[in-house]
Structure formats: C-alpha cells, structure tokens
Amino acid sequence: TTPDGQPIVRVKRGASLTFSKTIVLDENDQQIGSFKQGFNWVGDFQILDAEGNLVCRVHPNMSGKDFRFIADKIELAHIACKSSGIVKNLFRHPDNYVLSISESVPSASMFRPLSLAAVLLIEFAWRAAASKAEAAASIATLGGVSGVGP
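Basis of the calculations
- Residues numbered from 1 in each chain as written.
- Predicted model: local features only at pLDDT ≥ 70, side-chain atom pairs only at ≥ 80, totals over all residues.
- Heavy atoms only, no water.
- Core = buried A, V, L, I, M, F, W, Y, C linked by side-chain atoms within 4.5 Å.
- Buried < 20%, exposed > 50% of the residue type's maximum accessible area, 1.4 Å probe, protein only.
- Helix = DSSP H or I, 4+ residues; strand = E, 2+ residues; numbered from the N terminus.
- Pairing = 2+ DSSP bridges.
- Contact = heavy atoms within 4.5 Å.
- Axes fitted to C-alpha atoms, helices over the stretch in contact; angles between N-to-C directions.
- Salt bridge = Lys/Arg side-chain N within 4 Å of Asp/Glu carboxyl O.

A. Seen up close, the nonpolar core. Among the nonpolar cores identified, the biggest contains 25 residues, and Phe35, Phe45, Ile47, Phe69, Ile79 and Phe111 are the most heavily contacted of them. Elements with a contribution of two residues or more to this core: strand S1 (9-12), strand S3 (31-37), strand S4 (45-49), strand S5 (54-60), strand S6 (66-71), strand S7 (74-82) and helix H2 (111-142).

B. Seen up close, the pairing of S6. Burial along S6 is one-sided: the residues Phe67, Phe69 and Ala71 are buried and none of Asp66, Arg68 and Ile70 is. For S5 and S6, the ladder comprises 4 bridges, and the chain directions are antiparallel. When the bridges of S6 are listed, Val58 appears paired with Phe69. Connecting S5 to the next strand, S6, in antiparallel fashion are 5 residues, including Gly64 with a positive phi near 75 degrees. Of the strand pairs in this sheet, S6 and S7 are connected by 6 bridges, and their pairing is antiparallel. Paired with Arg68 across the bridge in S7 is His78.

C. Expanded view of the side chain of Ser34. The residue Ser34 is located in strand S3 in this model. Filtering out sequence-adjacent residues up to four positions away, Ser34 remains in contact with Lys21, Thr22, Ile23, Val24, Gln46, Ile47, Leu48, Asp49 and Leu114.

D. Looking closely at unusual backbone geometry. The phi torsion at Asp29 lies on the positive side, around 60 degrees, for a residue other than glycine. Looking at where Asp29 falls in the secondary structure, it is placed in the loop between strand S2 (21-26) and S3. Of note in this structure, Asp72 is not a glycine but carries a positive phi near 50 degrees. On the basis of relative accessible area, Asp72 is assigned to the exposed category, the value being 73%.

E. Up close: the sheet that holds S5. Taken in spatial order, the 8 strands make up an open sheet running S1-S2-S3-S4-S5-S6-S7-S8, and their pairing is antiparallel. Taken across any chain shown, the strands that pair with only one partner, and hence form the sheet edges, are S1 and strand S8 (96-101). Mean inter-strand twist for the sheet, computed between neighbouring axes without regard to direction, equals 20 degrees. Inspection of the sheet shows S3 paired to S4 by 5 bridges, in the antiparallel sense. For Phe35, the partnering residue across the bridge sits in S4 and is Ile47.

F. Spotlight on the pattern of salt bridges. For the structure shown, the criterion picks out 2 salt bridges. In this structure, Glu75 and Arg68 form a salt bridge, with 3.0 Å as the shortest nitrogen-oxygen distance. Assessed through its relative accessible area of 34%, Glu75 is described here as partly exposed.

G. Looking closely at the environment of Ser100. The residue Ser100 is located in strand S8 in this model. Sequence-wise, Ser100 and Ala80 are 20 residues apart; in three dimensions their C-alpha atoms are separated by 8.3 Å. Beyond its immediate chain neighbours, meaning those up to four positions away, Ser100 contacts Leu76, Ala77 and His78.

Structural data, given as structure tokens:
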C-alpha cells in the first residue's frame, strides 16, 4: 500500500509454491502480470506481463538472499535481503528487503509494480520454507529421532 493506505499491487498465488503460477493484480484487481516459478523453493522464476510474455527472469545468488532481475543480459532491478546480523539470520529468514530498480526503467512501466510484487513472492517462499522446516523439526522431535547415534 501507499503511505496513505491505497493498494498498489495484490498477489494471488496457487496452492503450491513448486511450479505454481502467481497472479499479480493492480489496485483495481486487474491482472498486470504473473510469476512462473521454477525448480527452486525461492528464486529462479520468470516475470510475465498480463498477456503471458516474458518480461525478465529473476535469479537468486547462491545464498538465496539477493535476487537480480535480468532481461536481455541487462539488470533491471535487484532485491537485497538486509541482514539483521549473522546470528539472527542463522535462525530465521531476513525480514527486510531493499528493492532497487534501474533508472533506465520508465516510471510508468508495469515492471515497477511487478518487481514490488516479486518481493512479496520471495517473502511468501521464505515463510513457507521456514514453516515446513519447523514442522519437520517438530515431527522429528516428537518421533524421538532428534538425536544422533545409537
């Protein structure tokens, strides 16, 4: 939302984060684009326009905390997950994201709200992965397999 509470984008995703398609809607609930995810739980996804044409690909770095938006070998934007400190990030995902959009992208371009929506998608993926990891740890502990050895 804007500082005065007006919606900018809304993200509507499928039931699964793996191979799902996420729809991006504008403030009037009109589709402005979508995301098509790849094999990774976070990263390696495509941004498509409302007609389904490829706008760019989003590539994570090895840590999965920085993302580059690339079209025709040109970086259009970059998302950096701001660190809360190494100890905090070992136990939870980063909460702060910094989106930088290239000055070469026109101010009226649909890419701008789509890139903002990509931040939400990345946050959804982090939270889903964290929830699955916490659930797996709880099941392992309840099942008595939390220790190592005989």
